[in-house]
Amino acid sequence: MKREPYSSGPIVWCAILIGTCILLFLLQKILWLVVPFLFGLIIYYLLVSLQQRLVLAGIARDGAAALVSGCAFALVLGVIVLIVPLVSSHLESWQEWGARYIEGGWRFLADTLKWLERNYSLAAKAHLSDQLTRQMTELSDSFADKYLADAALTIAAWLPSLLLAPFLAFFFLRDGWRFKKFLSQAVPNAFFERTLYLLDQVDRTTRLYFQGLIKLTILDTACLAFGLWGIGVSAPLMLGLVTAVLAWVPYVGSIVGCLLVVLVAATDFPGHPAIAYSAIGLFIAVRFLDDFLFMPLTIGRSLKLHPLLTVVMIFVGGAVAGVAGLMLVLPLLGIATVVGETIGEIITDARLRARHVFARKLLHSQVTADLQR
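Since this is a predicted model, take the numbers as computed values, not measurements. (Residues numbered from 1 in each chain as written. Predicted model: local features only at pLDDT ≥ 70, side-chain atom pairs only at ≥ 80, totals over all residues. Heavy atoms only, no water.)

### Thoughts on empty space enclosed by the protein
Piece 1. In this structure the tally under the stated criterion is 3 cavities of 30 Å³ or more.
Piece 2. Each pocket or cavity is described by its volume, and for the second largest cavity that value is around 60 Å³.
Piece 3. Lining the second largest cavity, in full, are G104, R107, F108, D111, A266, F269, P270, H272, P273 and A276.
Piece 4. For the lining of the second largest cavity, the secondary structure elements donating two or more residues are helix 3 (61-119) and helix 10 (273-302).
Piece 5. The element best represented in the lining of the second largest cavity is helix 3, accounting for 4 residues.
Piece 6. Residues of the lining of the second largest cavity, tallied by class, amount to 6 nonpolar, 2 polar and 2 charged. (1 Å grid on protein atoms, 1.4 Å probe; cavity = no way out; pocket = protein on both sides within 12 Å on 5 of 7 lines; lining within 4 Å. Points joined across faces, edges and corners; volume = space filled by probe spheres on them. Helix = DSSP H or I, 4+ residues; strand = E, 2+ residues; numbered from the N terminus. Nonpolar A, V, L, I, M, F, W, Y, C, P; charged D, E, K, R; others polar.)

### Notes on unusual backbone geometry
Piece 1. Of note in this structure, A235 is not a glycine but carries a positive phi near 50°.
Piece 2. Here A235 lies in the loop between helix 7 (192-231) and helix 8 (236-246).
Piece 3. Since its relative accessible area comes to 38%, A235 is described here as partly exposed. (Buried < 20%, exposed > 50% of the residue type's maximum accessible area, 1.4 Å probe, protein only.)

### Describing the layout of surface pockets
Piece 1. Each pocket or cavity is described by its volume, and for the largest pocket that value is around 1,400 Å³.
Piece 2. Put simply, the parts of the chain that give the lining of the largest pocket at least two residues each are helix 2 (31-56), helix 6 (164-184), helix 7 and helix 11 (307-348).
Piece 3. No other element matches the 15 residues that helix 2 contributes to the lining of the largest pocket.
Piece 4. Of the residues belonging to the lining of the largest pocket, the class tally is 31 nonpolar, 6 polar and 5 charged.

### Let's talk about the nonpolar core
Piece 1. F210, I299 and L330 are the most contacted members of the largest nonpolar core, which has 32 residues in total.
Piece 2. Those elements that place two or more of their residues in this core are helix 1 (10-29), helix 2, helix 3, helix 6, helix 7, helix 10 and helix 11.
Piece 3. Sort the elements by how many residues they give to this core and helix 11 lands first, with 10 residues.
Piece 4. In terms of nonpolar packing, the next biggest core, distinct from the first, is built from 17 residues, L228, L239, V262 and I275 among them. (Core = buried A, V, L, I, M, F, W, Y, C linked by side-chain atoms within 4.5 Å.)

### Concerning the packing of aromatic side chains
Piece 1. On inspection of all chains with the given rule, the structure shows 5 aromatic pairs.
Piece 2. Centroid distance Y44 to Y45: 4.9 Å. Interplanar angle 70°. Geometry classified as edge-to-face. The exposure classification of Y44 matches that of Y45, with both residues buried.
Piece 3. Seen in terms of ring centroids, Y44 and F172 are 6.1 Å apart; in terms of plane orientation they differ by 80°. Their pairing is edge-to-face. Here Y44, found in helix 2, pairs with F172, found in helix 6; they are 128 residues apart in sequence, far enough to count as distant.
Piece 4. Residue placement shows R287 over the ring face of F283; its charged tip is 5.2 Å from the ring centre. (Phe/Tyr/Trp six-rings, centres within 6.5 Å; stacked < 30°, edge-to-face > 60°. Lys NZ or Arg CZ within 6 Å of the ring centre and 35° of its normal.)

### Details of the packing of helix 2 against helix 6
Piece 1. Interaxial distance between helix 2 and helix 6 falls to 7 Å at its minimum, and their mutual angle equals 45°. Taken as axis vectors, helix 2 and helix 6 run oblique relative to one another. You can see that helix 2 and helix 6 cross each other, and the crossing is right-handed. Counting all contacts with helix 2, which are made through L33, P36, F37, F39, G40, L41, I43, Y44, L47, V48 and Q51, the residues of helix 6 involved are L164, A165, P166, L168, A169, F172 and L173.
Piece 2. Per-class residue counts for the contact of helix 2 with helix 6 are 16 nonpolar, 2 polar and no charged. (Axes fitted to C-alpha atoms, helices over the stretch in contact; angles between N-to-C directions. Parallel < 35°, antiparallel > 145°, perpendicular 65-115°, else oblique. Left-handed = near helix turned anticlockwise from the far one by under 90°. Contact = heavy atoms within 4.5 Å.)

### A few points about a nonpolar patch on the surface
Piece 1. On the surface, a nonpolar cluster with roughly 390 Å² of combined accessible area is contributed by I18, I22, F25 and L26.
Piece 2. For I22, the location among the structural elements is in helix 1.
Piece 3. With a relative accessible area of 46%, I22 lands in the partly exposed category. (Patch = residues over 30% accessible without salt bridge, like charges linked within 9 Å, V, L, I, M, F, W, Y side chains within 5 Å. Areas by Shrake-Rupley, 256 points an atom, 1.4 Å probe, with all protein chains shown as cover. Salt bridge = Lys/Arg side-chain N within 4 Å of Asp/Glu carboxyl O.)

### Considering helix 2
Helical periodicity: at 3.6 residues per turn, an α-helix aligns residues three or four positions apart in one direction.
Piece 1. For helix 2, built from 26 residues, the straight-helix expectation of 38 Å at 1.5 Å per residue is met to within 8% by its first-to-last C-alpha distance of 37 Å.
Piece 2. Considering bend angle alone, the principal kink of helix 2 is centred on L47 and spans about 40°.
Piece 3. Inspection of helix 2 places V34, V35, P36, L38, G40, L41, Y44, Y45, L47, V48 and Q51 among the buried residues, and these make up the whole buried set.
Piece 4. One or two residues past the end of helix 2 sits G58, with phi positive at roughly 110°. (Expected span 1.5 Å × (residues − 1). Bend = angle between axes of the 7 residues up to and from the residue.)

This is the structure in structure tokens:
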């Protein structure tokens, strides 16, 4: 008798969505471990194909993992060794550039407030430009004491946990298959095939999420770079790439990227605020395309999620777990969907349940055969 293809019902989907929200809330409490774990997964999926090629070439799995990880670590270390002298030699000029771009941004904001004061009586009564000038003076005097020290402490607090990422990636490469074997051996024999399928689908879902993230980054970079080039902003490709990577953190990263683009546009064209406004309009347009077209077509399609569900869950993730929820909601939803649908299929499969019951009866009869004599 041929079974109809399984389709998850409302109960299964309610369990998937509730489970995703619970996971987001719990992972927010151990963010110090989640972030390096996430970076470790990214490194793992970048290196796993190289490891598989070495294994197919006849190298042992542990040796291939050590070789790939060692080469990647040596490459990163070499890049750091080359970059550090370059950064040190240009540090002073970069600080001057940074101060110039910040000053250009403040000037653009002050000009905008003065325009509002000239055209709106409510803004004129508030004296916003005078307040901004006073705050700029206070900020320039106490910026280092207030913000640089806090930024240094934050980086120092996160650095040890971020250093876990390469070690996690190495152990994922070396012992990932052992962990899958450990999990598969813990389930009854009747559900063994489904467990292997579940583990494979979870791995596939996670891999497709990161592939979709790379596709999304390429689309964002292309759109932003083309738009910034069209309005005449300097270094459009670099700005587009940086802002696209910042957009990995939805909304928060987008705001930071928009501020960066506005600072550059306002500094490049100090007497033409329309250029900065055009950059803001471009960024908003790309963000709309990102949230309602690109993300559903890349990450959402990679995870086989409906575009409406993808957009709604982004807002839910932000409401439940803040910035961490924005980053983690889609991969967690994809994994929860695979697990929920697989468990739902097992529960509704009468033949699998019958095989499990029969296997338990057979095992019981075998272990009690000598007791019945």
